[in-house]
Structure formats: C-alpha cells, structure tokens
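Chains, contacts and geometry: an overview
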Amino acid sequence: MTVVVSRLSGHLGAEIQGVDLASELSNAAFAQILDAFNAHSLVVFRDQTLDPAQQVAFSRRFGPAIEHLLEGFRMAENPEVFVVSNLTEDGTPKGKPKGAIYAGQYWHSDLSYMAEPAMASMLHAKRVPSAGGDTMFAAMHAAYDALSDPMKAFLSGLTACHDYTHAYETVFSKLPNRPPMTDEQKAKVPPVDHPVVRRHPATGRPALFVNPGFTRRINGLAEDESRAILDFLFTHTTRHEFVHRHHWRPGDVVMWDNRALMHRAVADYDMSEARHMHRTTIAGDAPVAAG
Ligand code: OGA
Ligand code: MN
C-alpha cells in the first residue's frame, strides 16, 4: 500500500490516496496520515465505506473519541458518533430528526467552548445533495502569519471568553430544531478563557484561536473594543486566500484540525435532498498561548 498525499490549496488541505480506512492500517501508514494531518490541517479520503464502529476505531488512532453534549444527536449503539443529517426517522419533514440538521452553519472551531477543546473532527459523508452543501475551512496559522507585527504583539498575551450559550443566543436561536438548553446541559459548559493566539502542540506554529460561533469577547478590553477587534479578526481570517472549500461526494472521510482551522457548513442546498453524515470528535488539550 502506497500512501499518496496531494495538497488541495495554498494554506490547508491534502487528499490522501491509497488507503482503505476500513482495513487494518499499519503503524507506518498511520504515521504518514498523522504527518499529513499535522502539516496540512485537513485530510480528505475519497470512496470510503466505514461503519460507525470502524469510524470510531480509526478516530481513536488519533486520541480518545468524545461523546457530544447534545445526547439527542448521538447514535444509540455508538455514542461517539454524532449524526449530522437533514433526514427524519419516518421520512416526513415533521418526523423526529435523525441528527443535527443545521449543524455548523457559522464559522467555528468544534468545542472551543470547552476547557479542553476538540483536537480534531471527522465527517464521513453517507448521502450528499446533488449540488451544494459544501463545507468551508479557514487556515488560522496562515491568517496569524499575515498580521502585522504590531497587531501580533497586541494580541499576544490576550485571552478570550468562549461560551456555548453565545451560539444559542445568536445563530441557534433561529433554528427550529434546537430546543433551549436544559440547566443540566448549561452546567456542563460554563464560559472558558483561551489564549487568542495558541501554539500548535505538534508543529509549534501559532494560530489565531477565536471564532464567531463561540467567542463572546476578548478579556480586558472594553466591550466595543473587543467587538471591533473580533470583527476585524473574523473578516481577516475568512479572506479567500485562507479558505478552502470541500465539495462532498458520498464516501468522503474528511478530518480537520480544530487547533488550526475554523469551519462552517454552507446552507445552499435543496433541503428535500438528503445530506447525512457521521461525525466523530477527538479529544484535545487545553490551548497553550503562543509567544
Ligand atoms: C460539524 C460541522 C459542518 C457540515 O459537524 O462539526 O460543523 O458541513 N459540520 O456539516
Ligand atoms: Mn463543526
């Protein structure tokens, strides 16, 4: 088996060919995948057929797989698998949803609202619409590198507050499929502070670590200062040259590094067409400030 790695765009992404993820991967093949993941922040495998247990097993090669807070969207037999889907159990629009229907339609980094945010997430596409429904990724290392030295100096040492309820108050509140969080769920996700610039544990590269979904504010700044700086950073990090757009085919396995990228789903597809994905999430460490 020869692992072939081809880059997908200037600042992130690589397609990996020559691997069947459902088979037993040698340590040597896995080491090449891990190197590509660390170097390119996003790896794409085409034409895979993983059942949920196989996806969890492959995910665990990278680290512990974690179960999502929203138990309603977890797969009963494999709770480490979170279902992202617009299908319902009985096939009617009003039926019980099979998964999170409007997942991630805003720029975010998975679980940045946790003290130990997700290292990586993996989506395995089972059914995709005939057009649209892409996922976009933004390179937070390259975006940091492109800042001026005075801006880098200003940001170094700052922390920002990340809060899951921020997304509920903004984007989620408009969604039909998202009942308000229970007090018990809220208690599991108190606001947390993270460095605005974090050092990647594997590569040592600095990356911006703020996102519109979950970052409420930069600590220590006045409210309007924080808003202005965050808005600037969100515009800057999503400049076209930092963004890669993945167009899904059934069978795709896409894994991304939440320490190095933001991502968002593009809600441009015909909702009468199925989009059904299995997501696994790999645990990460508490972010460490760069510099
Ligand atoms: C996610 C997510 C985006 C998509 O599952 O974490 O953001 O395109 N999904 O489904
Ligand atoms: Mn996400």
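Presented here is an overview of the structure given in this document. Just so you know, these numbers come straight off a predicted model, no measurement behind them.

With that settled, consider the overall build of the chain. Across its full length, the chain carries seven helices and 15 strands. The C-alpha atoms of the chain give a radius of gyration of 18 Å, which matches the 19 Å a tight globule of 291 residues would have. The C-alpha extent of the chain, read off along each of the three principal axes, is 50 × 45 × 35 Å. By residue count, 56% of the 291 residues in the chain fall in the buried class. Taking the average location of the 28 positive side-chain charges in the chain and that of its 33 negative ones, the two points are 2 Å from each other.

Moving on, we get to the pattern of salt bridges. For the structure shown, the criterion picks out 14 salt bridges. For the salt bridge of Asp-110 with Arg-279, the shortest nitrogen-to-oxygen distance reads 3.7 Å. Taken as a pair, Asp-110 in the loop between strand S4 (82-85) and strand S5 (120-127) and Arg-279 in strand S15 (residues 276-282) lie far apart in primary sequence, 169 residues in all. The buried category is assigned to Asp-110, whose relative accessible area is 4%. Classification of Arg-279 as buried rests on a relative accessible area of 9%.

Here we take up the nonpolar core. Membership of the largest hydrophobic core comes to 59 residues, with the highest contact counts inside it found for Leu-42, Leu-155, Tyr-164, Val-196, Leu-208 and Ile-218. Membership of the second largest hydrophobic core comes to 21 residues, among which are Ala-29, Ile-33, Leu-50 and Ile-282.

At Ser-41, a position not held by glycine, the phi torsion is positive, near 70°. Relative to the helices and strands, Ser-41 resides in the loop between helix H1 (27-40) and strand S3 (42-45). Even without a glycine there, the phi angle at Asp-47 is positive, about 55°. Relative to the helices and strands, Asp-47 is located in the loop between S3 and helix H2 (52-60).

The next subject is the coordination of the manganese ion (ligand 2). The protein atoms that coordinate the manganese ion (ligand 2) are His-108 (NE2), Asp-110 (OD) and His-263 (NE2), at distances of 2.1 to 2.2 Å. Look at where the donors of the manganese ion (ligand 2) fall in the sequence and you get H-x1-D-x152-H. Pair noted here: His-108 is in the loop between S4 and S5 and His-263 is in strand S14 (residues 261-265), with a separation of 155 residues, a long-range link. Grouping residues by exposure puts His-108 and His-263 together as buried.

We now examine the sheet that holds strand S11 (residues 215-218). Read from one edge of the open sheet, three strands run S8-S7-S11, paired in antiparallel fashion. The sheet terminates laterally at strand S8 (192-195) and S11, the two strands that pair on one side only. Strand-to-strand twist in this sheet, taken as the mean axis angle between neighbours without regard to direction, amounts to 35°. Two strands pair when backbone bridges link them, and strand S7 (residues 159-162) and S11 are joined in this way by three bridges, in the antiparallel orientation. What sits directly across from Cys-161, in S11, is Arg-217.

Right, let's get into the pairing of S15. With seven of seven residues buried, S15 lies mostly within the body of the structure. The alternating pattern of S15 places His-276, His-278, Thr-280 and Ile-282 on one face and Met-277, Arg-279 and Thr-281 on the opposite face, and all of these are buried. With four bridges connecting them, S4 and S15 associate as antiparallel partners. Bridged to Ser-85 within S15 is His-276. Across seven bridges, the pairing between S5 and S15 is antiparallel.

Calculation rules
- Residues numbered from 1 in each chain as written.
- Chains lettered and ligands numbered in written order.
- Predicted model: local features only at pLDDT ≥ 70, side-chain atom pairs only at ≥ 80, totals over all residues.
- Heavy atoms only, no water.
- Helix = DSSP H or I, 4+ residues; strand = E, 2+ residues; numbered from the N terminus.
- Rg over C-alpha atoms; globule rule 2.2 N^0.38 Å.
- Buried < 20%, exposed > 50% of the residue type's maximum accessible area, 1.4 Å probe, protein only.
- Lys, Arg positive; Asp, Glu negative; His and termini not counted.
- Charge placed at Lys NZ, Arg CZ, Asp CG, Glu CD.
- Salt bridge = Lys/Arg side-chain N within 4 Å of Asp/Glu carboxyl O.
- Core = buried A, V, L, I, M, F, W, Y, C linked by side-chain atoms within 4.5 Å.
- Donors = N, O, S within 2.8 Å, 3.2 Å for Na, K, Ca; no water.
- Pairing = 2+ DSSP bridges.
- Axes fitted to C-alpha atoms, helices over the stretch in contact; angles between N-to-C directions.

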